[in-house]
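Structural description and commentary
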Amino acid sequence: MELLEEHHAEELFGVVDANRAYLRQWLPWLDTNRCAEDTRTFIRTSLQQFSVHNGFACALRDHGRLVGALGLHKIDWPNRATSIGYWVTERAQGRGLVTRACAVLLDHVFGELGLNRAEIACATGNQRSCAIAERLGFTREGLRRDAEWLYDHYVDLVIYSVLASEWRARRAQESRT
Ligand SMILES: CC(C)(COP(=O)(O)OP(=O)(O)OC[C@H]1O[C@@H](n2cnc3c(N)ncnc32)[C@H](O)[C@@H]1OP(=O)(O)O)[C@@H](O)C(=O)NCCC(=O)NCCS
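As the structure is a prediction and not an experimental result, all values here were calculated from the model.

Mapping Ala172 onto the fold places it in helix α6 (residues 164-176). Taking the C-alpha atoms as reference points, Ala172 and Arg91, 81 residues apart in sequence, are found 33 Å from one another.

What follows deals with unusual backbone geometry. Most peptide bonds take the trans configuration, and most residues that are not glycine carry a negative phi. Phi is positive for Arg80, close to 50 degrees, though the residue is something other than glycine. As for its placement among the helices and strands, Arg80 is situated in the loop between β3 (65-76) and β4 (81-88). What makes Arg80 partly exposed here is its relative accessible area of 41%. The phi angle at Tyr151 is positive, at roughly 65 degrees, despite the residue not being glycine. Structurally, the position occupied by Tyr151 is in the loop between β6 (139-149) and β7 (154-163).

Our focus in this paragraph is the packing of aromatic side chains. This structure, assessed with the given rule, holds three aromatic pairs. Measuring from ring centre to ring centre gives 6.4 Å for Trp29 and Trp87, while their planes differ by 55 degrees; the resulting arrangement is tilted. In this pair, Trp29 is assigned in the loop between α2 (20-24) and α3 (36-51) and Trp87 in strand β4, connecting sequence segments 58 residues apart. On the basis of relative accessible area, Trp87 is assigned to the buried category, the value being 10%. Taking 6.2 Å as the distance between ring centres and 90 degrees as the angle between the ring planes, the aromatic pair formed by Phe50 and Phe56 counts as edge-to-face. Phe56 gets classed as buried once you look at its relative accessible area, which sits at 10%.

Before going further, it helps to examine the site of the ligand. Gln93, Gly94, Thr99, Asn126 and Arg128 are the nearest of the 20 residues found near the ligand. Separating an oxygen atom of the ligand from a side-chain N or O atom of Tyr22 is a distance of 3.1 Å. One of the backbone nitrogen or oxygen atoms of Leu97 is found 3.0 Å away from an oxygen atom of the ligand. In isolation the ligand exposes 930 Å². Once the protein is present, 73% of that is buried. Those elements that provide at least two residues to the shell around the ligand are β4, α4 (97-110) and α5 (127-135). Partitioned by chemical class, the residues of the shell around the ligand number ten nonpolar, six polar and four charged.

Two numbers describe how helix α1 (residues 9-18) lies on α3: the axes approach to 8 Å, and their chain directions differ by 115 degrees. One way to sum up the angle between α1 and α3 is to call them roughly perpendicular. The handedness of the crossing between α1 and α3 comes out as right-handed. Judged by residue contacts, Ala9, Glu10, Leu12 and Phe13 of α1 engage Ala36, Thr39, Arg40 and Ile43 from α3. Grouping the constituent residues of the contact of α1 with α3 by class yields five nonpolar, one polar and two charged.

What follows covers the sheet that holds β3. The strand order β1-β2-β3-β4-β5-β7-β6 describes an open sheet built from seven strands, whose pairing is mixed. Both edges of this open sheet fall to β1 (2-3) and β6, since each of them pairs with a single strand only. Note that β6 and β7 share seven bridges and pair antiparallel. Paired with Arg144 across the strands is Leu157, a residue of β7. Across the sheet, α3 touches β1, β2 (56-62) and β3, and the angle it forms with β2 is around 120 degrees.

Okay, the nonpolar core next. Of all hydrophobic cores here, the largest spans 49 residues; its most connected members are Ile84, Tyr86 and Leu106. Contact partners of Tyr86, with chain neighbours within four places excluded, come to Ala69, Leu70, Val98, Cys102, Ile120, Cys122, Ser129 and Ile132. Membership of the second largest hydrophobic core comes to five residues, among which are Ala123, Val155, Leu157 and Ile159.

Cut-offs and rules
Residues numbered from 1 in each chain as written. Predicted model: local features only at pLDDT ≥ 70, side-chain atom pairs only at ≥ 80, totals over all residues. Heavy atoms only, no water. Helix = DSSP H or I, 4+ residues; strand = E, 2+ residues; numbered from the N terminus. Buried < 20%, exposed > 50% of the residue type's maximum accessible area, 1.4 Å probe, protein only. Phe/Tyr/Trp six-rings, centres within 6.5 Å; stacked < 30°, edge-to-face > 60°. Near = heavy atom within 4 Å. Polar contact = N/O pair within 3.5 Å; in protein donor to acceptor, adjacent residues only side chain to side chain. Areas by Shrake-Rupley, 256 points an atom, 1.4 Å probe, with all protein chains shown as cover. Nonpolar A, V, L, I, M, F, W, Y, C, P; charged D, E, K, R; others polar. Axes fitted to C-alpha atoms, helices over the stretch in contact; angles between N-to-C directions. Parallel < 35°, antiparallel > 145°, perpendicular 65-115°, else oblique. Left-handed = near helix turned anticlockwise from the far one by under 90°. Contact = heavy atoms within 4.5 Å. Pairing = 2+ DSSP bridges. Core = buried A, V, L, I, M, F, W, Y, C linked by side-chain atoms within 4.5 Å.

Okay, here's the thing in structure tokens:
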């Protein structure tokens, strides 16, 4: 994982463009990401967020090849809470790359950042995304109805969360086994 910077714009756009139809099924931003300049704008916004400690976006690499991205949408500092977003290319699915990257991200969220709560929101039909939250031991809290507009229809979002104490207990358990 590495922080996305402006010099990644062409490379990131190429990967997004090659996976457009697949990503568009569950992510709402594909139609506003049409050229490398749009990707550059997204990266600039993410860097601005990073500079004010309000989230960030990282590139996910597999053997040097950019295969996805993940990060924190924003940080609710008064409540010490954040939410995680991610995507990976169609070809890189099924190997646990995102689950493992999220675990590293959660170590950072509850370690260096000292937050108390992390959330993952998945559309009800997005089973692969729900499976990541469940694999990481998140608790399913409930449903936000019609919470996301996906181009031509609303989707319900399942809200999953994990607390710092739960994550630490899980990591301690993992290190014992
Ligand atoms: C959601 C998304 C990231 C899930 O990708 P994924 O590859 O299924 O997730 P992971 O990288 O965690 O891999 C899990 C798979 O790897 C397998 N795996 C292999 N080794 C593993 C390991 N060490 N740890 C965990 N899983 C492992 C799991 O069994 C699982 O495969 P399965 O679904 O066939 O059972 C991907 O489908 C995607 O980007 N979709 C489009 C965008 C999107 O929906 N983003 C999320 C919006 S909320």
